[in-house]
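Chain by chain, the residues:
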Amino acid sequence: AGEAGPGGMASGRVTWSPLGSYPGSEALVTAVEKTNLSFGGGAWYTHRNAVTDWYIWDEEAQTADAHAFTVDATLQVGRFSGHVSGFHREVDPREAGFGSYAGAGYNVQGGLLLIPERLFGSLRYSEAAPDRDRDAGKTREVAGGLQMYQRGHQSKIHVEAGWSQQHDEERWLDTEFVRIQYQLLF
């Protein structure tokens, strides 16, 4: 495996909100009075950085050049919040014997404020492929969630349950899951 080099990274993001204001969160605590519609995009580029978490093989970290971009849109109307996002990433390992690869994915989510300042429910579907030329590592997920607010986003419990599939070298493997998270911001 290669050694981490001096590397470098540049990133940026722009957002445009033609209606209303930029939503600070996909989950609503209170109903929005004016419709919010926002579009965003971001990109990053790394040069000779150590590859660890985005590396699709089980090798040690090596250096690579990589770039990615994301696009997203959020719509909030009354008690409804919808969000869609997608990403594309390309990684070019600098060490001989490892080929370049590209991955992509997307997420679609809709939610409804059930009880203002107390309960928000959502449904989400997502897919990702770390290397679009290989089945191994591809994932799909369907989940439903509830956010129970004590003090808005400052103190809340998030419960999520769903089904996911991950492809190994031969087939899709199914998993059911439940996640519980508590958030406290101060």
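Each remark here, short or long, concerns the structure printed above.
Residues numbered from 1 in each chain as written. Predicted model: local features only at pLDDT ≥ 70, side-chain atom pairs only at ≥ 80, totals over all residues. Heavy atoms only, no water.

## Some details on the overall build of the protein
Scanning the protein from terminus to terminus reveals zero helices and nine strands. Seen in sequence order, the protein has helices and strands lined up from the N terminus as β-β-β-β-β-β-β-β-β. For the protein, buried positions account for 35% of its 186 residues. The contacts of the protein with a sequence gap of at least 6 include a subset with a gap of at least 24, amounting to 53%. Carbon and sulfur atoms make up 56% of the accessible area of the protein, which totals about 11,000 Å². (Helix = DSSP H or I, 4+ residues; strand = E, 2+ residues; numbered from the N terminus. Buried < 20%, exposed > 50% of the residue type's maximum accessible area, 1.4 Å probe, protein only. Contact = heavy atoms within 4.5 Å. Areas by Shrake-Rupley, 256 points an atom, 1.4 Å probe, with all protein chains shown as cover.)

## Some words on the nonpolar core
Side chains of a nonpolar character, in soluble globular proteins, are inclined to be buried together. Core analysis: the biggest nonpolar cluster contains seven residues, these being A27, L28, V29, V32, L113, F120 and Y149. Residues contacting A27, with those up to four places away along its chain left out, are F120, Q147, Y149 and H153. (Core = buried A, V, L, I, M, F, W, Y, C linked by side-chain atoms within 4.5 Å.)

## Things to note about the side chain of S122
By secondary structure assignment, the location of S122 is in strand 6 (residues 119-129). Here S122 is in contact with Q109, G110, G111, A143, G144 and G145, once residues within four sequence places are set aside.

## Focus on a nonpolar patch on the surface
A cluster of nonpolar side chains, L75, V77, F80, L112, L114, I115 and L146, forms an exposed patch at the surface whose accessible area comes to about 550 Å². Looking at the nonpolar patch, the elements with two or more residues in it are strand 3 (62-78) and strand 5 (101-115). A per-element tally of the nonpolar patch places strand 5 first, with three residues. Residue position: L112 is located in strand 5. A relative accessible area of 41% places L112 in the partly exposed class. (Patch = residues over 30% accessible without salt bridge, like charges linked within 9 Å, V, L, I, M, F, W, Y side chains within 5 Å. Salt bridge = Lys/Arg side-chain N within 4 Å of Asp/Glu carboxyl O.)

## Structural notes on the packing of aromatic side chains
Considering all chains together, one arrives at two aromatic pairs under this definition. Geometrically, the ring pair formed by W16 and F39 is stacked, given 6.0 Å between the ring centres and 25° between the ring planes. Of this pair, W16 sits in strand 1 (residues 8-19) while F39 sits in strand 2 (residues 32-51); the two residues are 23 residues apart in sequence, bridging distant segments of the chain. We note R140 situated over the ring of W172; from NZ or CZ to the ring centre the distance is 3.7 Å. When the ring centre of F177 is taken as reference, the NZ or CZ atom of R179 above it lies at 4.1 Å. (Phe/Tyr/Trp six-rings, centres within 6.5 Å; stacked < 30°, edge-to-face > 60°. Lys NZ or Arg CZ within 6 Å of the ring centre and 35° of its normal.)

## Quick look at the pairing of strand 8 (residues 155-167)
Taken together, the eleven bridges between strand 7 (residues 139-149) and strand 8 define a ladder with antiparallel strand orientation. Note on strand 8: the bridge partner recorded for E141 is S164. Between strand 7 and strand 8, which follow one another and run antiparallel, lie five residues, and G152 among them has a positive phi close to 60°. Here strand 8 runs beside strand 9 (residues 172-184); their pairing, made up of 13 bridges, is antiparallel. The residue of strand 9 that forms the bridge with G162 is F177. (Pairing = 2+ DSSP bridges.)

## Some words on the pattern of salt bridges
For the coordinates displayed, the defined rule picks out nine salt bridges. Between E160 and R124 there is a salt bridge, with the nearest N and O atoms lying 2.5 Å from each other. Residue E160 is found in strand 8, and its partner R124 is found in strand 6; the two are separated by 36 residues along the sequence. Look at E160 and you get buried, because its relative accessible area is 8%.

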